[in-house]
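Working through the structure, step by step
Read off the chains here:
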Amino acid sequence: MLAFCFGLFVSAFAFWLIEMWPIRRVFQGSMALLGGAIAPLDLLPDYIASVAIWTPFPYFGYFNVKALQGMLTGRELEIHCLIALSWIALFAVAFRILWKLGLKRYEAVNL
């Protein structure tokens, strides 16, 4: 659900940008690096890992793997679920706002 809401949020920027591929690549790179797909966050420098923990990116993979490995306590799992639900709510609300603003400003481009 988080990935879906995040994708909607990013795609809503298409109302204002003609080329979306650079934005998508930045977010995909962030998901890969800060989400733990390239290397676990445990191997990143502390200053990067401490910032990455509060972004939505680790919830795309890193914390899921940690939970499946049994490396999170019940309390930690609850906290991370609440943080992930907060990100879902934030992206859903932000998407609705961007969607409404974008529909008012939309202009078709004839290619």
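Along each chain, the written sequence defines residue order, and numbers are assigned to residues from 1. Totals for whole chains, interfaces and linings use every residue, but because this is a predicted model, local features are given only for residues with pLDDT of at least 70 and side-chain atom pairs only at 80 or more, for both listing and counting. For the side-chain quantities, the full set of heavy atoms in the structure was used; hydrogens and water were omitted.

1. So, a nonpolar patch on the surface
Spelled out, the test is: Put simply, a patch holds well-exposed residues, over 30% relative accessible area, that have no salt bridge, with like charges counted together within 9 Å and Val, Leu, Ile, Met, Phe, Trp or Tyr side chains within 5 Å. Surface accessibility follows the Shrake-Rupley procedure with a 1.4 Å probe radius. Residue values consider only the protein chains on display as shielding. What counts as a salt bridge is simple: a side-chain nitrogen of Lys or Arg found within 4 Å of a carboxyl oxygen of Asp or Glu. Strands are runs of DSSP state E lasting at least 2 residues, helices are runs of H or I lasting at least 4, and numbering of each runs from the N terminus. Only protein chains enter the accessibility calculation, which uses a 1.4 Å probe. A residue is then buried if its area is under 20% of the maximum for its type, exposed if over 50%, and partly exposed in between.
A cluster of nonpolar side chains, namely Trp16, Leu17, Val93, Ile97 and Leu101, defines an oily patch on the protein surface of about 430 Å² accessible area. Of note, Leu17 is situated in the loop between helix 1 (2–11) and helix 2 (21–34). Relative accessible area serves as the criterion here: at 33%, Leu17 is assigned to the partly exposed category.

2. Side note on the pattern of salt bridges
Per the counting criterion, the structure on display carries two salt bridges. Residues Asp42 and Lys66 are paired through a salt bridge, measuring 3.0 Å at the closest nitrogen-oxygen approach. Pair noted here: Asp42 is in the loop between helix 2 and helix 3 (46–52) and Lys66 is in helix 4 (residues 62–68), with a separation of 24 residues, a long-range link. By relative accessible area, which is 51% here, Asp42 ends up exposed. Of the residues examined, Lys66 reaches a relative accessible area of 14% and is grouped as buried. Its salt-bridge partner being Arg75, residue Glu78 comes within 3.2 Å of it at the nearest N-O pair. Residue Glu78 and its partner Arg75 are located together in helix 5 (residues 74–105), separated by three residues, close to a single helical turn.

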